[in-house]
Amino acid sequence: MTPRKPWGGRFRQATEPSVERFTASIDFDRALAAHDIRASIAHARMLGRTGIIPADDAEALVQGLVAIREEIERGEFPFDPALEDIHMNVEGRLHALVGAVAGRLHTGRSRNDQVATDLALYLRDAARASQRGTIELRRVLIVRSREHLDTVLPGYTHLQRAQPVRLAHHWLAFVEMLARDGQRFAALRGRLAHSPLGSGALAGSTLPLDRADTAAALGFESPAANSLDAVSSRDGALEFLSAVAICMVNLSRLAEELVLWSSSEFGFVELADAYATGSSLMPQKKNPDVPELVRGKTGRTIGNLVGLLTVVKGLPLAYNRDLQEDKEPVFDSARTLRDALEVMAGALATLRVNSDRMRRAAEDPMLLATDLAEVLVREGVPFREAHEAVGRVVGHCVEKDLDLRSLSREDLRAFHPSFPGAAAALLDLERSLEQRALLGGTARQTVADAAEAAEAAVQRETEQLDAEEPGR
Ligand code: ARG
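Residues numbered from 1 in each chain as written. Predicted model: local features only at pLDDT ≥ 70, side-chain atom pairs only at ≥ 80, totals over all residues. Heavy atoms only, no water.

Visitor: What should I look at first to understand the pattern of salt bridges in this one?
Guide: Pairs can form between side chains of opposite charge once their charged atoms are near each other. One pass over the full model with this rule turns up 34 salt bridges. Between Glu239 and Arg191 there is a salt bridge, and its shortest N-O distance comes to 2.3 Å. Remark: Arg191 occurs in helix α7 (residues 167-191) and Glu239 occurs in helix α10 (residues 235-261); sequence separation between them is 48 residues. For Glu239, a relative accessible area of 26% gives the class partly exposed. For Arg191, a relative accessible area of 51% puts it in the exposed group. A salt bridge links Arg234 to Asp326; its shortest N-O distance comes to 2.7 Å. In this pair, Arg234 is assigned in the loop between α9 (227-232) and α10 and Asp326 in the loop between α11 (289-313) and α12 (327-349), connecting sequence segments 92 residues apart. The pair formed by Arg234 and Asp326 is uniform in burial state, with each residue classed as buried. (Salt bridge = Lys/Arg side-chain N within 4 Å of Asp/Glu carboxyl O. Helix = DSSP H or I, 4+ residues; strand = E, 2+ residues; numbered from the N terminus. Buried < 20%, exposed > 50% of the residue type's maximum accessible area, 1.4 Å probe, protein only.)

Rendered as structure tokens:
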């Protein structure tokens, strides 16, 4: 026997079981339980404080809600699919615990402003957790970068060896990306500053609700200014999904490099056994499934963003039930990012780096061809002319299978009269790195300074997060 629906007054027929299944969201929106109860407690207290309901009743509601929160935390809450969603499940349970007074909780409130409020609270927490996750991964990358200031590998463009870089410099590039990802989550929290509660179904309430009171109790800066907007906008969720998708795309590029670099062809790194898996058929295999799945799961987070954008794009104001489709992508993206950040941090912390292999690849003298052109520029030759001359030198070496560094001063002068010395004297891997001492470059001190600045930023952001009131 299905319980009577809280909205059942005007209905003469029971809901079809297939419709009940189709419309229910309790299987996933139970993830909002803690936020729903928190918002209900704030609402009940406000109803009592304003005298909209008797103070004793408000106190009974709060006691009941606290008891429900504990039941949920203990895993003992009897979730009932017939009660559709988390809001009606909590209210239904409240009836069982405190009796008829439970009927006062929904005074001046609709599930529309309720769910928008719950979601904002959830997004604030998820954005904070995501930001923390990006910070933890930055921390690991900075530690590994500092270990590898002197590890040199080819930097690539078009996946062709281009110019030598320090491994520290390479990984600090991802630290920069992750710092921006973290900023996106912080900025999103700043924009989730207005409480939908008190917006009712769409047009507010005839009752003298104190919206500023509930907003403050829930850690919002102020009540949302427009009731229609407050119940029907989901751009906070879209922004979260977008920030997650961008962060996952960045992680996916890092993951792709781990996959490439751990191949025999590169042989630059080896994943720790704890972060790799084997083949059920081929005993010799050690597979990079962890970074592969980070790369693969990036797809679903992009799908989650595109999915919700598509849900919202055609909706007239204000609330439409389509908006219930906001939750699964948000929950899924939050979980996917959290797990991806965690396994990437572990995989990188335990990664074995084959510095010799990297250096051998970086010692290819062709990687210094640009430096040779810049030697000519320093002799006063226009860059285009220098590029052309060195291009002919390189072509000559390729054709005759010569090491670029074997060319004498005379050999070089056959291509341009301004070459000031033999190639071996002009070209040196270490010097090439050290000469790039400008900001953002590869010189050892420059990279060490960059690691230090990155570390300071991580420290600062951690302190800011820690200092925030827990409710915000
Ligand atoms: N489960 C619903 C959702 O997530 C709650 C709001 C339902 N409101 C309504 N008028 N049916 O959107």
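Still more to cover.
Visitor: Honestly, the site of the ligand in this entry has me stumped. Any pointers?
Guide: In the neighbourhood of the ligand, the contacting residues comprise Ser25, Asp85, His87, Arg111, Asn112, Val115, Tyr319, Arg321, Gln324 and Lys327. With respect to the ligand, the side chain of Asn112 contributes an N or O atom lying 2.9 Å from a nitrogen atom. One nitrogen or oxygen atom from the side chain of Gln324 is found 2.8 Å from a nitrogen atom belonging to the ligand. With 3 residues, the top contributor of residues to the shell around the ligand is helix α6 (residues 111-147). Of the residues that constitute the shell around the ligand, the class distribution is 2 nonpolar, 4 polar and 4 charged. (Near = heavy atom within 4 Å. Polar contact = N/O pair within 3.5 Å; in protein donor to acceptor, adjacent residues only side chain to side chain. Nonpolar A, V, L, I, M, F, W, Y, C, P; charged D, E, K, R; others polar.)

Visitor: In this structure, what is going on with helix α5 (residues 86-98)? I would like to understand it.
Guide: In an α-helix, one turn spans 3.6 residues; hence positions three or four apart end up facing the same way. In this model α5 runs 18 Å from its N-terminal to its C-terminal C-alpha over 13 residues, within 8% of the 18 Å that 1.5 Å per residue would give. Those residues of α5 lying buried are Ile86, His87, Met88, Asn89, Val90, Glu91 and Leu94. Contacts from the buried residues of α5 go to α2 (26-29), α3 (33-49), α4 (55-73) and α6. Between a side-chain oxygen at the N-terminus of α5 and the backbone nitrogen of His87 the separation is 3.2 Å; the capping residue is Asp85. Downstream of α5 by one or two residues, Gly99 has phi in the positive range, about 80 degrees. (Expected span 1.5 Å × (residues − 1). Contact = heavy atoms within 4.5 Å.)

Visitor: Help me understand a negative patch on the surface, please; the structure alone is not making it clear to me.
Guide: Taken together, the side chains of Asp27, Asp322, Glu325 and Glu328 present a region of like negative charge at the surface. Among the secondary structure elements, Asp27 is positioned in helix α2. On the accessibility criterion, Asp27 (65% relative accessible area) is exposed. (Patch = residues over 30% accessible without salt bridge, like charges linked within 9 Å, V, L, I, M, F, W, Y side chains within 5 Å. Areas by Shrake-Rupley, 256 points an atom, 1.4 Å probe, with all protein chains shown as cover. Lys, Arg positive; Asp, Glu negative; His and termini not counted. Charge placed at Lys NZ, Arg CZ, Asp CG, Glu CD.)

Visitor: Looking at this structure, how should I read unusual backbone geometry?
Guide: Negative phi values dominate among residues other than glycine, just as trans dominates among peptide bonds. Residue Leu317 is joined to Ala318 through a cis peptide bond whose omega torsion reads 0 degrees. Tracing the chain through its elements places Ala318 in the loop between α11 and α12. One non-glycine residue, His158, lies in positive phi territory at about 55 degrees. Checked against the element boundaries, His158 lands in the loop between β1 (152-157) and β2 (160-166). Phi at Asp401 is positive, roughly 55 degrees, even though this residue is not glycine. Position of Asp401 among the secondary structure elements: in the loop between α15 (383-400) and α16 (409-413).

Visitor: Looking at this structure, how should I read the packing of α10 against α11?
Guide: Two measures define how a pair of helices packs: the angle their axes make with one another and the distance between the axes. For the pair α10 and α11, interaxial distance at closest approach is 8 Å and the crossing angle is 160 degrees. Viewed along their axes, α10 and α11 adopt a mutual orientation that is roughly antiparallel. Like other packed secondary-structure pairs, α10 and α11 cross with a definite hand, here left-handed. Counted by class, the contact of α10 with α11 contains 17 nonpolar, 5 polar and 4 charged residues. (Axes fitted to C-alpha atoms, helices over the stretch in contact; angles between N-to-C directions. Parallel < 35°, antiparallel > 145°, perpendicular 65-115°, else oblique. Left-handed = near helix turned anticlockwise from the far one by under 90°.)

Visitor: Explanation requested: the side chain of Thr301 in the structure shown.
Guide: Inspection of the secondary structure puts Thr301 in helix α11. Apart from the residues lying within four places of it in its own chain, the contact partners of Thr301 are Val244, Ala245, Met248, Ser333 and Thr336.

Visitor: Whenever I open this one, the side chain of Thr117 confuses me. Can you help?
Guide: Among the structural elements, Thr117 can be located in helix α6. Judged by its relative accessible area of 0%, Thr117 falls in the buried class. If sequence neighbours within four positions are ignored, Thr117 has contacts with Ala39, Pro196, Leu197, Leu218 and Phe220.

Visitor: Hey, could you run me through the pairing of β1 in this one?
Guide: Residues in a regular strand project their side chains so that they alternate between the two faces of the sheet. Note that β1 and β2 share 6 bridges and pair antiparallel. By the bridge assignment for β2, Thr157 is matched with Gln160. Between the end of β1 and the start of β2, which pair antiparallel, lie 2 residues, with His158 showing a positive phi angle near 55 degrees. (Pairing = 2+ DSSP bridges.)

Visitor: What's the story with the environment of Gln445 in this structure? I'm lost.
Guide: Within the secondary structure layout, Gln445 lies in helix α19 (residues 444-467). A relative accessible area of 53% means that Gln445 is categorised as exposed. Measuring from C-alpha to C-alpha, the distance between Gln445 and Asp229 comes to 52 Å, with 216 residues separating the pair along the chain.

Visitor: Which parts of the structure should I look at to understand the environment of Thr370?
Guide: Tracing the backbone through its elements, the reader meets Thr370 in helix α14 (residues 369-378). The spacing of Thr370 and Arg360 is 10 residues in sequence and 19 Å in space, taken between C-alpha atoms.

That is the geometry; function is a separate question.
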